[in-house]
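A closer look at the structure
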Amino acid sequence: MSGTKKIERLLVANRGVAAVRIMHTCRDRKIPTTAVYSTPDRLGRHVFMADKSVHIGEAPPVESYLNMEKILQSAFETGSNAIHPGWGFLAENGAFARMVMDAGLIWVGPPPDVIDGMGDKAQARKLAIKAGVPVIPGTEDVTSAADALKWMDDSGVDFPIMIKAVAGGGGRGLVRVDRPEEMEQAVNQASSEAEKAFGNGDLILEKFIENARHIEIQVLADQVGNTVHLYERECTIQRRNQKVIEEAPSPSLTEELRQEICAQAVNLTKAMGYHSVGTVEFILDSATNKYYFLEVNTRLQVEHGITELITGYDLVSLMIDAAEGKTLGISQEDIKPNRWAMEVRLNAEDPETLGPSFGRISRLRTPEGPNVRVASGIYQGASVPPYYDSLLMLIMSAGHNREDALNVMDRALGRSLRVEGVKTLKPLLISIIRHPAFRAGDFSTSFIDENIKELIKAFREPTAEDELLKIAQYLAEVSALGPRSWI
Amino acid sequence: MSDKNMFRPGMSPKDLVNKVRSLPGVGITSTGMRDAGQSDFKNRLRIHDLETLAPHYERMDLFSAEVHGGARWHVGIMNRRESPFEEIVLLREKMPNVILQTLVRETSLWGYRPYPKNVIKYVISQVDIDIWRCFSFLNDVRNMRTICEVVMERGLHFQPAVSFTQADWATNEYYIKVVDDMVDLCGGVEEIVMCIKDMAGVGSPERIRELVDAMLQKYPEMVIQYHRHSTDGLGLPALLAAAQAGAKLLDAQEDSLTRFYGQPPILSLHAYLEEAGIPVHLNRPETEAAVQTAREWIRHYGWAESPFKGTDHTVVQHRMPGGAFPSSFEQAEQGGFLHLMPMILKVMSLYNRIVHYFDVTPGSQMTWVTCSGTVNRYAKEFGLAGVNSLIALLTKFTEEVDQDLDRLYPDEKTELMEFFTTAPGDFKNLILGRYGKLPAGWPADWVYESAFGDRWKEQLAKRSDASPLDSTRDEDLDALRADLAAKLEWEPTEEEFILYLMHPKDTVDMIHFREEYGEASIVLPTSVWHSGLAKPGDTVDFTMMNKPHTVEMVSVGEEHEGYISVVLRINNQTRVFTVETPRAVKTEIRMARAANEVGSPITGSIWRLGNPKRGDLAVGDVVHEGEEIANIEAMKMENVIAATLTGRIAEICIQLNDSVIEGQLLFVLEEEIEEE
């Protein structure tokens, strides 16, 4: 145990929403920050929010946000004695964590060995089984389509099945297979995506649980093994296996089940020798109310903010405390969620095709008003480059109960939010939060796919501002070009 | 007071007719919101301005307001970008106690082709109008049956209109026969107002007096309404003559809207009739206020006026209808043949002695296209002298030789036989009976020979005496609706569908315009709607969705590569708009359209061509349906591009590492043809 060590300056090895989020807490704690940026992010929001900023390379992530040497060098150059990886990029890279620590810097995250162990899905499964946590039927022994089909045959598992990258996360390297003839392409795609995204093409195969709900438990541990949970988040609304809407608490859990899953998560965390914040993810089969261990995310989650909203704790701040070696000053009894919180991910994507949308944010108005929290990685005039993920902004709402939180979210999205210049998921998000099944808490991970037509149909709702701009466009044209020929 | 209006929507036709009979003098229909604008302003008067008259109409004690129909539909869709349905809703709200009146053609309604019964029934039953003035350009009363039935079934007021002209064949006897048919159609005179529609303004006062008198002698209980244009300059005396002979209803328009070809001015008419001892049922002070209100905005419509100014008494010869005057002259101006107009009008006056029908839609368009086309052709080939010799020939044929071809010289005969060769298809359909029977019999055989050439006898044998109502087959409304849905990419509303039935192409254009420019056509004041904001600092105030808005011009930039940046301050917020000029330089991205073209499903970048198994691909390679032929990365996700068919690669339209947009053409494939 190294004892406590104060963070003098924190380098945030990330960009966009993640970097901005971490810097907010640093400001609260008066910790100076260093930002790193790639060439297209030169005028990015995080670059100007930090106290110092260092250019670390060109657009491709391997040259910039995944460039470990360059990031370490930047820490030294700027006098930063700690690195926070945010989420994505190097957040779950044990080798980088080790490099940081070996260089004598503070790593704001869990121990490198735990990252490696949990990052390997096969190893994580083994650990879960050992700790007595239920897992989905599956195998780690897959290198080809033939292997996969043979395992299915041997173990009596039917389609659909899921192929996952051992090193995967964030939905990449994750492919669902419904028919034997799709197997070959799926195995190749998953392996190739994983190779490219994580540098490791190994796969595992699991039975796909239909009508599944995605429940995750937020855990927190200090370096001497004090471990608590901060209850669950429900992240069932996804598209292409990426979360779109999250909420806490989960509308799917009974109090009994909640206590049981949370206790399991704490057991597993202790078994791992974990410290810092982390998330234990479970799949809940809503037909049987059985839950299965899915994976551990050894990092700060995108959706951590809703846990902060219901508990009042600042998870980034607690992460910093843990990294500094402070003893956890919170006991499980101190953690008393007393609100309902929702989060939507405002991605720069076409809400119909879900294809990415790039460009310049020509106009931006962020939501405001009571019970709204916004974490934004952009500003009016900023450009959205095509090289990174498409998250523009996290919008959270809180309320006394689920209905209140939903109403606040409806106001935030429908009345206040405005983004011009790129397409965003806003219309889809509004459609979802107004959908009767969603409002009733009746949904599964395939909710968007199953309802996409109906959701899109509800899009056409022009606002007064849109209508005004149409008139202004006409005025611009007739003023510039003179009376129209057809008039 | 509005609640004391003598004539109100919802009254039964019978009640309405009895109320008119009880008038000591005459009642008035104002055409200010329809025919006035059509006849002098090419139908460009916008509902934005017209609605300011509504509060006055509500108190003017009108019999009715003609606010709908005629060409106002088509021009609304095509030029004003307004829907006639929106107009009705607005007017009902602003003048709920005023009877709304339309003008409808008997089978072509507000479009330009004869519709089958099922379309007529469908359209007529969905329009919220009280009085349906219906005419036939052939006075073929049979053609009115469907509209008449639907309107009467709805308990609304069907108003048959006799198309009127002054010609040797258009005698009182002829008109009484038409009126007889109309009375039969409507089951007597108790529930109808009979309209005399003098659409060109050619009825001389004494001729009109005689006709009204003859009609009343035959039908003493009949209520007659006289509608006429002022083109000949004799509008007021003709209206007085009609009233003196017993017509109970007259059409007029607000004096400030009066130019040359619309209805006579309402205040002048009021004064003129009262002086002659005929009481006029009209709230004079309110009417004066309406006239003043119209004066405030009509000055913004100078651009819409006819290039031909002044009344024209020769209308009694050429018979161009008032409603067609400004648009015909506008066409002549745009086509560069304004100087030929006097000759075209002369040819029209000779033409209508050869073929007899009424110069009103769609007949007036046939006359116009045939005569203006012929004169232009002559002018191009033989100059003005050629046009004059054509006029001389037509004059000789109609006036000297009694339309006897054999009394012309052979070369004259040959030339005359050319006259109808370039006539439009509508004219050919007309003389084959596709619109109904002609009012004074079919034209002479030589007209068919001229129009159809060697095969004229064959064509003539197909001529039918039947009403188009009986010969036009029903259309598949569901299929038509599906057509529109496909064009719009959404389910059309009932109203959009009805507009589409009348004017398919222009309706789709208008809907797209409204998608793009919203309510610009409804909320902007006319000067700004027409010309925009002229200089920095100019502002426009308007109300939209019940809220005030202001747009201020900041600057219009220089043109750069065909684009102009316009800076506007919208409700105090500055914004830049890009305006595309016709010179805009566009880099064209080819999109996949055909089945053998493979497009990108997503916006992203091509990171692999071919697939790992077979490697790269080249033109000429054979690929199999479903085989991966490229892979696109977007936001770190891979997307397989699969061959859509089995065949050869004809073209690879992209290169490795290219950025592509959704739908962009990636490959052109060629299906393998099995060769023996």
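Predicted model only: the values in this text are computed from it and were never measured.

Helix and strand counts for chain B stand at 27 helices and 21 strands. Taken over the C-alpha atoms alone, chain B extends approximately 100 × 70 × 50 Å along its principal axes. In chain B, which comprises 676 residues, the proportion classed as buried is 58%. Within chain B, residue pairs in contact and separated by at least 24 positions form 69% of the contacts whose partners lie at least 6 positions apart. For chain B, the computed accessible surface area is about 27,200 Å², with 49% contributed by carbon and sulfur atoms. In chain B, 68 positive and 102 negative side-chain charges are present, and the distance between their average locations comes to 4 Å.

Under the domain assignment, chain B is made up of domain 1 (2-303), domain 2 (335-471), domain 3 (533-586) and domain 4 (597-671). The C-alpha-based centres of domain 2 of chain B and domain 3 of chain B are spaced at 51 Å.

All names here are of chain A. The geometry of helix α3 (residues 68-78) relative to helix α4 (residues 94-102) is characterised by a closest axis approach of 11 Å and an angle of 30° between their N-to-C directions. Accordingly, the angle class assigned to the pair α3 and α4 is roughly parallel. As for how α3 packs across α4, the hand of that crossing is right-handed. Two secondary-structure elements touch here, α3 through M68, E69, I71 and L72 and α4 through F96, M99 and V100. In the contact of α3 with α4, the residues fall into six nonpolar, no polar and one charged.

Let us look at the pattern of salt bridges. Residue and element names in this part refer to chain A. Tallying each qualifying case throughout the model produces 82 salt bridges over all chains. For R402, the salt bridge is made with E247, and the minimal N-O distance between the two is 2.6 Å. A residue pair is termed long-range when its members are at least 10 positions apart, and R402 in helix α12 (residues 402-416) and E247 in strand β12 (residues 242-248) qualify at 155 residues. Connected via shared salt-bridge partners are E216, R233, K243, E246, E281, E303 and R345.

Further remarks concern the domain arrangement of chain A. Residue and element names in this part refer to chain A. In terms of domains, chain A is made up of domain 1 (10-108), domain 2 (137-207), domain 3 (209-338) and domain 4 (346-461). Put simply, the middle of domain 1 and the middle of domain 3, counted by C-alpha atoms, are 25 Å apart. At the junction of the two partners, domain 1 supplies 16 residues and domain 3 supplies 19 residues. Here domain 1 and domain 3 share an interface that buries about 1,300 Å² over both sides, 59% of which is from carbon and sulfur atoms. Between E308 and R21 there is a salt bridge, with the nearest N and O atoms lying 2.8 Å from each other. Elements supplying a minimum of two residues to the side of domain 1 that touches domain 3: α1 (16-28) and β5 (106-107). Considering each element in turn, the side of domain 1 that touches domain 3 owes the most residues, five residues, to α1.

Moving on to the sheet that holds strand β11 (residues 227-239) of chain A. Residue and element names in this part refer to chain A. Taken in spatial order, the eight strands line up as β14-β13-β10-β11-β12-β15-β20-β18 in an open sheet, and their pairing is antiparallel. Edge strands, defined here as strands with exactly one partner in the open sheet, are β14 (290-297) and β18 (372-376). Shown here is a sheet whose adjacent strand axes are inclined to one another by a mean of 25°, direction ignored. Relative to strand β15 (residues 340-347), β12 runs antiparallel, the two sharing four bridges. What sits directly across from E247, in β15, is M342. Here helix α9 (residues 255-272) sits on the sheet in contact with β10 (212-221), β11, β13 (276-285) and β14, set at roughly 110° to β11.

This next bit is on the environment of B:M545. You can see B:M545 is positioned in the loop between β10 (539-544) and β11 (547-560). Taking relative accessible area as the criterion, B:M545 reaches 42% and is therefore assigned partly exposed. Between the C-alpha atoms of B:M545 and B:E519, which are 26 residues apart in sequence, the distance is 9.8 Å. With residues up to four places along the chain from it excluded, the contact list for B:M545 reads A:A464 and A:E467.

The next point concerns the nonpolar core. All names here are of chain B. Residues M95, L109, W110, I124, M222, L250 and F420 are the most contacted members of the largest nonpolar core, which totals 173 residues. Examining the composition of this core, we find that eleven residues originate from one element, helix α17 (residues 363-400), more than from any other. Here this core spans two domains, and each of domain 1 (2-303) and domain 2 (335-471) adds at least three residues to it. Look past the residues within four positions of L109 in its chain and what remains in contact with it is V104, Y115, I120, V123, I124, I147 and M502.

Our next topic: the packing of aromatic side chains. Per the stated rule, a full pass over the model turns up 46 aromatic pairs over all chains. Judged by centre distance (6.1 Å) and plane angle (80°), the rings of B:W297 and B:Y301 are edge-to-face. As far as the burial class goes, B:W297 and B:Y301 line up, both buried. A network of ring pairs unites the aromatic residues B:F137, B:Y351, B:Y357, B:F397, B:F419, B:F420, B:F427, B:Y435 and B:W446 as a single cluster. The ring of A:F438 has A:R402 lying over it, and the distance from NZ or CZ to the ring centre is 4.9 Å. Positioned above the aromatic ring of B:F135 is the side chain of B:K197, whose terminal nitrogen or guanidinium carbon lies 5.1 Å from the ring centre.

How each quantity is defined
Residues numbered from 1 in each chain as written. Chains lettered and ligands numbered in written order. Predicted model: local features only at pLDDT ≥ 70, side-chain atom pairs only at ≥ 80, totals over all residues. Heavy atoms only, no water. Helix = DSSP H or I, 4+ residues; strand = E, 2+ residues; numbered from the N terminus. Buried < 20%, exposed > 50% of the residue type's maximum accessible area, 1.4 Å probe, protein only. Contact = heavy atoms within 4.5 Å. Areas by Shrake-Rupley, 256 points an atom, 1.4 Å probe, with all protein chains shown as cover. Lys, Arg positive; Asp, Glu negative; His and termini not counted. Charge placed at Lys NZ, Arg CZ, Asp CG, Glu CD. Domains from an automatic or database assignment. Axes fitted to C-alpha atoms, helices over the stretch in contact; angles between N-to-C directions. Parallel < 35°, antiparallel > 145°, perpendicular 65-115°, else oblique. Left-handed = near helix turned anticlockwise from the far one by under 90°. Nonpolar A, V, L, I, M, F, W, Y, C, P; charged D, E, K, R; others polar. Salt bridge = Lys/Arg side-chain N within 4 Å of Asp/Glu carboxyl O. Buried area = accessible area lost by both parts, 1.4 Å probe. Pairing = 2+ DSSP bridges. Core = buried A, V, L, I, M, F, W, Y, C linked by side-chain atoms within 4.5 Å. Phe/Tyr/Trp six-rings, centres within 6.5 Å; stacked < 30°, edge-to-face > 60°. Lys NZ or Arg CZ within 6 Å of the ring centre and 35° of its normal.

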